[in-house]
Amino acid sequence: MSLKKFFITTPIYYINDVPHIGHSCTTIAADIIARLHRQLGEEVFFLTGTDEHGQKVDEAAKKLKLETQDYCDQISPRFKEAWKDLNISFDYFIRTTDEKHKKIVKEVLEKIYKKGDVYKAKYEGWYCIGCEKFLTESDLVDGKCPLHPKDKTVWKSEENWFFKLSKYVPELIKLIEDPKSNYIFPEGKKSEILAKIKDEVKDVSLSRENVDWGIEVPWDKKQSVYVWFDALINYYSASQFVEGKKDFWPADLHLLGKEILWFHTVIWQAMLLSAGIKLPKKTYTHSFYMIDGQKMSKSLGNVISPKQLIDTFGVDGSRYLVARSFPSNNDSDIGIERFKEKYNADLANNLGNLVSRVCRLAEGNDYGPTITKADEKFNTLINECKFNEAINHVFVSYIDSSNELLNNDKPWKLDKDDEKRKECLSTCRANLQRAAYYLSPVMPESCKKIKELLEGKIEAVKKPLFPRI
Ligand code: MSP
């Protein structure tokens, strides 16, 4: 019997900048879900990568006086390394400058062209290079893009190839409203998109006249493919060119941040409908990390890098803190000081300390095997990206209850072969084994260590699992 397949993706990140905690947030979330599905015995394809074309990346290279491809070759590995450092278990890292990807982008666009969904027209409007998209007057705040207020918004007027997005509006509404499809998650984002799509949808340009750094439009060599049309296709292209992954399409879950919701739920679906390709099953859109009340930005100097996190909290500590503060519905305010408090409270003083106490008290004992079954509540919460609630469920069910039991029974006051002492420690050990099993998608290495300490003859902890900061 073939295993159930699960295909999960992160956005592919622009390489005009190096990775920060915002990128890490989506990537860690995807990794936790991917690891959970592997733990459940499924065959997982976890895809991430870098978005390397377009004006923004080209300008970043030019600023450093580098050839754009050389620049990409320098920056893209920084993302891959950051994900390796965070123990991200991606199965493939896609780069949009890869010829194999480019070939499939051209094939998909040819299909859209042949369907008659493309026409040439003049476009005039404000363009935000930071977002790589045209903005309407109502998108602007004081003449600037609200997401990139420090950057220039440029007036563009050019002949482009347009994609007949508006043609697909009735079909998209039907699809999004269909309770069975459940494509847009969480619910709030679904209503947001439905309201917008029912209001007004204009066709979008799929090419650029004056941007050289991009894939050539197959039927017009003077134009390059608009970076978003190129980037969205990555999800499909990887499944087609990476060996043995064809059957993983359609993707089960695209994870993304709220600023790119429209691209993933409206433009992407319409492109696939036009090209006659099966639609992905679900998108999950999260909110933003804010740092001490402000949006993270390079110019404010408040960006937290994955390295800074790992140096302070270790790999698993960093993963845990990101999962606990994950901005599921609303923007989440984070900061290193707050992270330190949470780390000390939950990991050093609670979980780490409990493991040390139980191992010290039960050292040398063997309580036999513990059967660990999947916890449906935990799995559902993780699949809904409610990481904080999922972890809380494990803490309340297994960790807090063990602390309580220890404090009530006080096994250190009882004789070594006292039945009550044995029962208390055996229960705590079983609870910790379960907690380690459930939390291993979040903290793989620490949970492995906990499992090893408690297996067979219990060993005392030599080095604290989570040293206090
Ligand atoms: N290249 C496009 C995506 C193309 S996908 C086909 C892009 N790249 S990006 O580098 O700007 O990354 C955006 C994504 O990074 C967001 O959607 C989100 O997943 C993550 N985040 C970036 N900043 C963030 C925060 N401050 N907080 C949380 N996530 C953030 O858009």
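Residues numbered from 1 in each chain as written. Predicted model: local features only at pLDDT ≥ 70, side-chain atom pairs only at ≥ 80, totals over all residues. Heavy atoms only, no water.

Student: Can you explain the overall build of the protein? Please cite residues and give values.
Tutor: Counting its secondary structure elements, the protein contains 15 helices and 17 strands. A globule of 469 residues ought to have a C-alpha radius of gyration of about 23 Å, and the protein, at 25 Å, matches this closely. The principal-axis extents of the C-alpha atoms in the protein amount to approximately 85 × 50 × 40 Å. Buried positions account for 56% of the 469 residues belonging to the protein. Of the contacts formed within the protein by residues at least 6 apart in sequence, a portion of 77% connects residues at least 24 apart. On the protein, roughly 21,100 Å² of surface is accessible, and the fraction owed to carbon and sulfur atoms is 49%. Charge separation in the protein, taken as the distance between the mean sites of 72 positive and 70 negative side-chain charges, equals 2 Å. (Helix = DSSP H or I, 4+ residues; strand = E, 2+ residues; numbered from the N terminus. Rg over C-alpha atoms; globule rule 2.2 N^0.38 Å. Buried < 20%, exposed > 50% of the residue type's maximum accessible area, 1.4 Å probe, protein only. Contact = heavy atoms within 4.5 Å. Areas by Shrake-Rupley, 256 points an atom, 1.4 Å probe, with all protein chains shown as cover. Lys, Arg positive; Asp, Glu negative; His and termini not counted. Charge placed at Lys NZ, Arg CZ, Asp CG, Glu CD.)

Student: Please give an account of the pairing of strand S12 (residues 220-225) that cites residues and values.
Tutor: Sheet topology places strand S10 (residues 207-208) next to S12; two bridges connect them, and they run antiparallel. For Arg208, the partnering residue across the bridge sits in S12 and is Ser224. In terms of strand pairing, strand S11 (residues 216-217) meets S12 through two bridges, oriented antiparallel. The residue of S12 that forms the bridge with Val217 is Asp220. In sequence, S11 turns back onto S12 through a hairpin of two residues. (Pairing = 2+ DSSP bridges.)

Student: For the sheet that holds strand S17 (residues 332-334), give the residues involved together with the corresponding values.
Tutor: If you walk across this open sheet you meet the three strands as S16-S15-S17, and the pairing is mixed. The sheet is open, and its two edges are formed by strand S16 (294-295) and S17, each paired on a single side.

Student: With reference to specific residues and values, describe the environment of Ser332.
Tutor: Position of Ser332 relative to the elements: it lies in strand S17. The class of Ser332 is buried, set by a relative accessible area of 14%. Separated by 42 residues in the primary sequence, Ser332 and Met290 have C-alpha atoms spaced 5.9 Å apart. Beyond its immediate stretch of four places on either side in the chain, Ser332 contacts Phe288, Tyr289, Met290, Ser325 and Pro327. A distance of 2.8 Å separates a polar side-chain atom of Ser332 from the backbone oxygen of Ser325. (Polar contact = N/O pair within 3.5 Å; in protein donor to acceptor, adjacent residues only side chain to side chain.)

Student: Could you give an account of the packing of aromatic side chains, with specific residues and numbers?
Tutor: All chains considered together, the criterion is met by 32 aromatic pairs. With a centroid separation of 6.3 Å and an interplanar angle of 85°, the aromatic rings of Tyr113 and Trp161 are classed as edge-to-face. One end of the pair, Tyr113, is in helix H4 (residues 99-114); the other, Trp161, is in strand S7 (residues 153-163), with 48 residues separating them in the sequence. What makes Tyr113 partly exposed here is its relative accessible area of 33%. For the pair Phe185 and Tyr284, a centre-to-centre distance of 6.1 Å together with 45° between the ring planes defines the contact as tilted. With Phe185 in strand S8 (residues 184-185) and Tyr284 in strand S14 (residues 283-286), this residue pair connects regions lying 99 residues apart in the sequence. (Phe/Tyr/Trp six-rings, centres within 6.5 Å; stacked < 30°, edge-to-face > 60°.)

Student: Which residues make up the sheet that holds S10, and what are the values?
Tutor: With antiparallel pairing, the three strands of this open sheet are ordered in space as S10-S12-S11. Bordering the open sheet on either side are S10 and S11, each of which pairs with just one other strand.

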